[in-house]
Amino acid sequence: MLDGSYPDRPHASTTQLADGSTYVIRASRPDDRDLLLRCFEALSPRSRRLRFFIEKAALTPEDLERLSQVDGKDHIAFVAIRVDDRGRELEPLGFARCQRLTPGGRVAELSMVTVDRVQGMGVGSSLLSRLILAAQRQGIDRFWFEVLMENNGMRRLAQKIHSKAHWADDGTLEYDCLLADALPEALPVPSADTPPLAAPPRPEPSRDWPWYLDPIFWMEPWTETWRSDLATYLSLLEAANEDASHWLEWPGPLPLYGQVWRAAA
Ligand SMILES: CC(C)(COP(=O)(O)OP(=O)(O)OC[C@H]1O[C@@H](n2cnc3c(N)ncnc32)[C@H](O)[C@@H]1OP(=O)(O)O)[C@@H](O)C(=O)NCCC(=O)NCCS
């Protein structure tokens, strides 16, 4: 059953990993500092860089303060935790959080991480689906997030929730995700009834392209940037066109090619 409630049902779901161990996803609390530290410790240097965009040896006291200040409204976070047979929490597997860009605003910045040991096993998708449901309940309409170009895992997740990508000036990708479009069947919400997750995908000797070589995937950021730049250019062209037709006393718009280009955009 879907349940994105926050924070009144702390352990709403359990799921099995391919290795047979079980994890739960619950709302993160301000006293989860130890879990934050242990999660960070379990990250490879690469995962730390993909998450924080810099080489990072440790979480600073300021980081801890910022990451633990969840309130369930402007800053919503979920944590995945491996548990034992009796439901006792053993180790953190990942966090997903969103923070409104302005208090009470409808857009929030998304960030997430799962420990290297379980990446590709579905934990990130499950965290994200819980977060999306909770964010929507709090009146958040969109997620905004930045991703390094080489971050195939996050780019894949962004694609699964139908985010639109733009290249930023610094060469990173900026994503915009309308949450109303974001919860496809593709993102499973873990529940006790869910069968164990499959093992992480391995490259197969196949004639099919791997998804990340699919032109639709790697062309998309360029297409989006091209579309938005073209839209800006066309609005300038239209304004100039109007000015010129007024100046020439031309009856109606000048015969430029704006219509054709607009249709292409
Ligand atoms: C990005 C991240 C959070 C994804 O979490 P995850 O637990 O691996 O997510 P999932 O297992 O649910 O996988 C989601 C999809 O990404 C794919 N994927 C995961 N890692 C991948 C990788 N390294 N390369 C290609 N695809 C990958 C999975 O196959 C899956 O796609 P599928 O359902 O079509 O098979 C995790 O890889 C991570 O923490 N990375 C380092 C930190 C980071 O990049 N944070 C994001 C910054 S906002």
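This text follows the structure it describes.
Residues numbered from 1 in each chain as written. Predicted model: local features only at pLDDT ≥ 70, side-chain atom pairs only at ≥ 80, totals over all residues. Heavy atoms only, no water.

### Regarding the side chain of Arg 130
Inspection of the secondary structure assignment puts Arg 130 in helix H4 (residues 123-137). From its side chain, Arg 130 meets the backbone oxygen of Ile 25 in a polar contact 3.5 Å long. (Helix = DSSP H or I, 4+ residues; strand = E, 2+ residues; numbered from the N terminus. Polar contact = N/O pair within 3.5 Å; in protein donor to acceptor, adjacent residues only side chain to side chain.)

### Focus on the packing of aromatic side chains
According to the stated counting rule, one finds two aromatic pairs in the structure shown. Between Phe 145 and Tyr 175, the aromatic rings sit 5.1 Å apart at their centres with planes inclined by 15 degrees, giving stacked as the arrangement. Pair noted here: Phe 145 is in strand E6 (residues 142-147) and Tyr 175 is in strand E8 (residues 173-178), with a separation of 30 residues, a long-range link. A residue is classified by how much of its surface remains accessible, and Phe 145, at 2% relative accessible area, is buried. The exposure class assigned to Tyr 175 is buried, which follows from its relative accessible area of 3%. Against the face of Phe 52 rests Arg 51, its NZ or CZ located 4.5 Å from the ring centre. Just above the ring of Phe 52 sits the side chain of Lys 56; from NZ or CZ to the centre is 5.4 Å. (Phe/Tyr/Trp six-rings, centres within 6.5 Å; stacked < 30°, edge-to-face > 60°. Buried < 20%, exposed > 50% of the residue type's maximum accessible area, 1.4 Å probe, protein only. Lys NZ or Arg CZ within 6 Å of the ring centre and 35° of its normal.)

### Here's the deal with the pattern of salt bridges
Per the stated rule, a full pass over the model turns up 17 salt bridges. Note that Arg 82 is salt-bridged to Glu 91, the shortest N-O span being 2.5 Å. Arg 82 sits in the partly exposed class, given a relative accessible area of 23%. Here Arg 106 makes a salt bridge to Asp 141, at a shortest N to O gap of 2.5 Å. Taken together, the residues Arg 106 in the loop between strand E4 (89-100) and strand E5 (107-114) and Asp 141 in the loop between H4 and E6 connect sequence positions 35 residues apart. Residues joined in a network through salt bridges with shared partners are Arg 26, Arg 29, Asp 31, Asp 32 and Glu 89. (Salt bridge = Lys/Arg side-chain N within 4 Å of Asp/Glu carboxyl O.)

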